[in-house]
Amino acid sequence: MLRVGIAGLGTVGGGLIGLLRGTLAERLGDRLVIDAVSARNRGRSRGVDISAYRWFDDPCELAADPSIDVLVELIGGSDGPARRAVTIALTRGARVVTANKALLAEHGAELAALVDAHGGALAFEAAVGGGVPVIKVLRESLAANRTTSISGILNGTCNYILSTMEAQGREFADVLAEAQRLGYAEADPSFDVDGMDAGHKIALLAAIAFGNVPSVAALETHGIRDVSLLDIRLAAKLGYRIKLIATAERSPQGVRTRVAPALVPFAHPLAGIGGALNAVVISASPVGVITLTGAGAGAGPTASAVASDLIDIVEGDVRLPFGVSADRLGQPVAAGGAGDEERAFLRLLVDDRPGVIAAVSNALAKHGVSIDALIQDPSAAVGAVPIVLTTHRRDVRAIDAAVADIGVLDAVTAPPLVMRIEDIPRTVT
Ligand SMILES: NC(=O)c1ccc[n+]([C@@H]2O[C@H](COP(=O)([O-])OP(=O)(O)OC[C@H]3O[C@@H](n4cnc5c(N)ncnc54)[C@H](OP(=O)(O)O)[C@@H]3O)[C@@H](O)[C@H]2O)c1
């Protein structure tokens, strides 16, 4: 019999208890029992009866209790009580299940080393994609493959905002305010809309797929605050939809991870992912291209992923957290360095006067950046005339240098907006 202690009884913790006592009760029988729980406020009503469980005010005491075989950490946060409790449990060789991407992205290598040293386990299917089973797909189902790239929509809040802007013709601030009122976005939305939540998740996927230390330091993150309805409309004219895309790519220099708003062609598997859904596209050899999609958050989907880790532990199916021992994990490289190439979308607001397009073309040509398509749209006038252009594939540093030159042209009335254009994933042999 496995004795489980659950630290954190909020959205996911409450959902987990409901699932373990509901549809999973018969399947698990007495092979897994909830023994103890911990949260901040003992008196809070939680929608599930917790009176049968031992109560701990302090999750670290729960983690240290030798009769607890598995600690389920559902508190959240990269440091503080979550990190302390998980560290205590792993140090005494206990098994840990967590949904905490921030903790794992910041301290994953250190925690994996504790598993190596003390023989416990650290499972985290729920940490990326909520109910979408992507961790085990990468670590287990695709273990025989060499991954080339992963790209994903990993933040449901951003995808909801961008989808709603497009569908309802509204601006970012307006949709964000409504999402906050409806409880879809946090009161402080920065973690989501500035890209760090998706960054934590892609750092974890990259660690598993490429055998690297999860690294926040190597991440490049850009959020969606600067994306306007005008950009969405102009991108659509060129055949693209704007999404917040998290990518991890293998390159000759190493593995690069980034999160940024990007243009995806309408035929791209991520273009049709609407609302708060999550999706991940994996390109690997020899398997080819795989797309996974589903609910990226919520009590039920996330509890489903946490419970799947518990079932693995009950069945004795325990893997190393990142697929290899911690001392064999490599280091990712920072995005944007030598060899990092992209096709770019550039949106400019300019004065309507002769010679502007020639000046923009010259600035691009000076850095060897060639134009693929260009449209000028006076009908979308916002005090200045929008010009959008797409470039051919070129070194990111050359594109950035050209954009810097363009940004200081007299006729350019606002800072240029640059976004990467995603290619349709191909099978690489
Ligand atoms: N919500 C989702 O859809 C979702 C999806 C994927 C992953 N996750 C991850 O799952 C984890 C939990 O998320 P959640 O949405 O369930 O969070 P939540 O609703 O905010 O619940 C957090 C829980 O932790 C407890 N807690 C906070 N500080 C504590 C402390 N110092 N000592 C003991 N307990 C403490 C809270 O206690 P009180 O209830 O007493 O305040 C609460 O029960 C996070 O790592 C999150 O990133 C969530």
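Structure shown above.
Conventions and cut-offs
Residues numbered from 1 in each chain as written. Predicted model: local features only at pLDDT ≥ 70, side-chain atom pairs only at ≥ 80, totals over all residues. Heavy atoms only, no water. 1 Å grid on protein atoms, 1.4 Å probe; cavity = no way out; pocket = protein on both sides within 12 Å on 5 of 7 lines; lining within 4 Å. Points joined across faces, edges and corners; volume = space filled by probe spheres on them. Helix = DSSP H or I, 4+ residues; strand = E, 2+ residues; numbered from the N terminus. Nonpolar A, V, L, I, M, F, W, Y, C, P; charged D, E, K, R; others polar. Domains from an automatic or database assignment. Near = heavy atom within 4 Å. Polar contact = N/O pair within 3.5 Å; in protein donor to acceptor, adjacent residues only side chain to side chain. Sits in = over half its atoms within 2 Å of the grid points. Phe/Tyr/Trp six-rings, centres within 6.5 Å; stacked < 30°, edge-to-face > 60°. Buried < 20%, exposed > 50% of the residue type's maximum accessible area, 1.4 Å probe, protein only. Lys NZ or Arg CZ within 6 Å of the ring centre and 35° of its normal. Axes fitted to C-alpha atoms, helices over the stretch in contact; angles between N-to-C directions. Parallel < 35°, antiparallel > 145°, perpendicular 65-115°, else oblique. Left-handed = near helix turned anticlockwise from the far one by under 90°. Contact = heavy atoms within 4.5 Å. Expected span 1.5 Å × (residues − 1). Bend = angle between axes of the 7 residues up to and from the residue.

**Observations regarding the layout of surface pockets**
One number sums up the size of the largest pocket: a volume of about 1,200 Å³. Around the largest pocket, the lining comprises 38 residues; the ones closest to its centre are Val12, Lys101, Glu186, Asp197 and Ala297. Those elements that place two or more of their residues in the lining of the largest pocket are α1 (11-21), α5 (101-118), α7 (156-168), α9 (190-193) and α10 (196-210). Across the lining of the largest pocket, the residue classes break down as 15 nonpolar, 16 polar and 7 charged. Three or more residues apiece are contributed to the lining of the largest pocket by two domains, here domain 1 (2-127) and domain 2 (135-296). Its boundaries defined by the atoms lining it, the second largest pocket holds a volume of some 640 Å³. Around the second largest pocket sit 26 residues that line it, and Ser149, Glu249, Arg393, Arg420 and Asp423 are the ones nearest its centre. For the lining of the second largest pocket, the secondary-structure elements that each account for two or more residues are β7 (146-153), β9 (240-251), β13 (341-350) and β17 (417-421).

**Observations regarding the site of the ligand**
The ligand sits among 23 residues. The nearest are Leu9, Asn41, Arg44, Arg46 and Gly298. Interatomic distance of 3.0 Å between a side-chain N/O atom of Arg40 and an oxygen atom of the ligand. At a separation of 2.7 Å, an oxygen atom of the ligand approaches a polar backbone atom of Asn41. Using a 2 Å cut-off from the grid points, one finds that the ligand occupies the largest pocket. Tallied by class, the residues present in the shell around the ligand amount to 10 nonpolar, 9 polar and 4 charged.

**Description of the packing of aromatic side chains**
Scanning the model with the defined rule gives 2 aromatic pairs in all. When the centroid spacing of 5.5 Å and the interplanar angle of 45 degrees are considered together, the rings of Phe124 and Phe322 count as tilted. Of the two residues, Phe124 is situated in the loop between β6 (121-123) and α6 (135-141) and Phe322 in the loop between α12 (299-314) and β13; the sequence distance between them amounts to 198 residues. Like Phe124, the residue Phe322 is buried in the burial classification. The side chain of Arg139 reaches across the aromatic face of Phe124, ending 5.9 Å from its centre.

**Structural notes on the packing of helix α4 (residues 80-91) against α5**
Put simply, α4 and α5 touch, their axes get as near as 9 Å, and they point 15 degrees apart. Classified by the interaxial angle, the pair formed by α4 and α5 is roughly parallel. Once α4 is placed against α5, the crossing between them reads as right-handed. Of α5, the residues touching α4 (which contributes Ala82, Arg83, Val86, Thr87, Leu90 and Thr91) are Leu103, His107, Glu110, Leu111, Leu114, Val115 and His118. Here the residues of the contact of α4 with α5 are counted per class, giving 7 nonpolar, 4 polar and 2 charged.

**Observations concerning α5**
With 18 residues, α5 should cover 26 Å at 1.5 Å per step; its first-to-last C-alpha distance of 22 Å lies more than 12% under that length. Roughly 85 degrees is the biggest bend found in α5, and it falls at His107. Along α5, the residues that are buried comprise Ala102, Leu103, Leu104, Ala105, His107, Gly108, Leu111, Ala112, Leu114 and Val115. Considering only its buried residues, α5 is in contact with β4 (70-73), α4, β5 (95-98), β6 and α10.

**Some remarks on α1**
Turning to α1, its buried residues are Val12, Gly13, Gly14, Gly15, Leu16, Ile17 and Leu20. Tucked inside the fold, the buried residues of α1 contact β1 (2-7), α2 (25-28), β2 (32-38), β4 and α12.

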